[in-house]
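These are the residues of each chain, in order.
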Amino acid sequence: MNSIISNGYVNERVTATQANVRDTDEIMDILIGTARWLQSKGSTQWSGLLRGEDSHDMVGSISRGEVFAFKENGVCVGTVILKQMVSEWDKDLWGENEGELNTSVFVHRLAIHRDHAGKGLGADILRWIESGVCYNDKDRIRLDCIGDNITLNRFYSQCGYEYMGGVNGFSKYEKLL
């Protein structure tokens, strides 16, 4: 991954580090915990994780340097995948405009440990994604979420991401750097 962490602090308590293989179990626990919580709210989002399916290849993403772990006192409290190479998912969702696809950073699997949810950490992580990492030849951040998740859609809008439309039940958001 062509990124340089310029600010390792997300807030006064939480630091950002590029994840390594030793972080895998903690990261997967956060993701599975989030999937269970989503299921308890009636959502099928990330339900594949509960069946042992990992559509984002977390181990491979970690080895490619695309995953970041957010730690408080050495314990992982959040995670995110930052892809600088367009995936088939992103290409299908965002279309074929190669110029914009190649100048985009794609956010996937942003998740907060449930014990730390509701305390502003998600917004802190989004701000860190925007200013705590330097991206070569990238001019925008893109992300998506389930279209009918009103709370998450509102959250991204409140964090300054522009709604770019919906595709196949997913909302697309973008922020220029």
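Everything here concerns the structure above.
Predicted model, so just to flag it, every value in this text is computed and none were measured.

Q: Help me understand the nonpolar core in this model?
A: As a rule of thumb, soluble globular proteins bury nonpolar side chains together. Counting 27 residues, the largest nonpolar core has F70, L82, W128 and I129 as its most contacted members. Put simply, the parts of the chain that give this core at least two residues each are β2 (14–18), β3 (67–72), β4 (75–83), β5 (104–112), α5 (121–131), β6 (133–135) and β7 (140–146). Counting 16 residues, the second-largest nonpolar core is a separate cluster that includes M28, L38, L49 and A111.

Q: Is there a simple way to explain the sheet that holds β2 in this structure?
A: Neighbouring strands of a sheet are bound in pairs by backbone hydrogen bonds; such pairs are parallel or else antiparallel. In spatial order, the strands read β2-β3-β4-β5-β7-β9-β8; together these 7 strands make up an open sheet with mixed pairing. The open sheet has two free edges, formed respectively by β2 and β8 (162–167), since each of these has just one partner strand. The average angle at which neighbouring strand axes cross in this sheet is 30°, direction not considered. Examined bridge by bridge, β2 and β3 share 5 bridges and lie antiparallel to one another. Across the sheet, the residue bridging to T17 is A69, located in β3. The sheet contacts of helix α1 (residues 24–40) involve β3, β4 and β5, and relative to β4 the element is tilted by about 85°. Packed onto the sheet, helix α6 (residues 150–158) meets β5, β7 and β9 (170–176) and runs at close to 165° relative to β7.

Conventions used here
- Residues numbered from 1 in each chain as written.
- Predicted model: local features only at pLDDT ≥ 70, side-chain atom pairs only at ≥ 80, totals over all residues.
- Heavy atoms only, no water.
- Core = buried A, V, L, I, M, F, W, Y, C linked by side-chain atoms within 4.5 Å.
- Buried < 20%, exposed > 50% of the residue type's maximum accessible area, 1.4 Å probe, protein only.
- Helix = DSSP H or I, 4+ residues; strand = E, 2+ residues; numbered from the N terminus.
- Pairing = 2+ DSSP bridges.
- Axes fitted to C-alpha atoms, helices over the stretch in contact; angles between N-to-C directions.
- Contact = heavy atoms within 4.5 Å.

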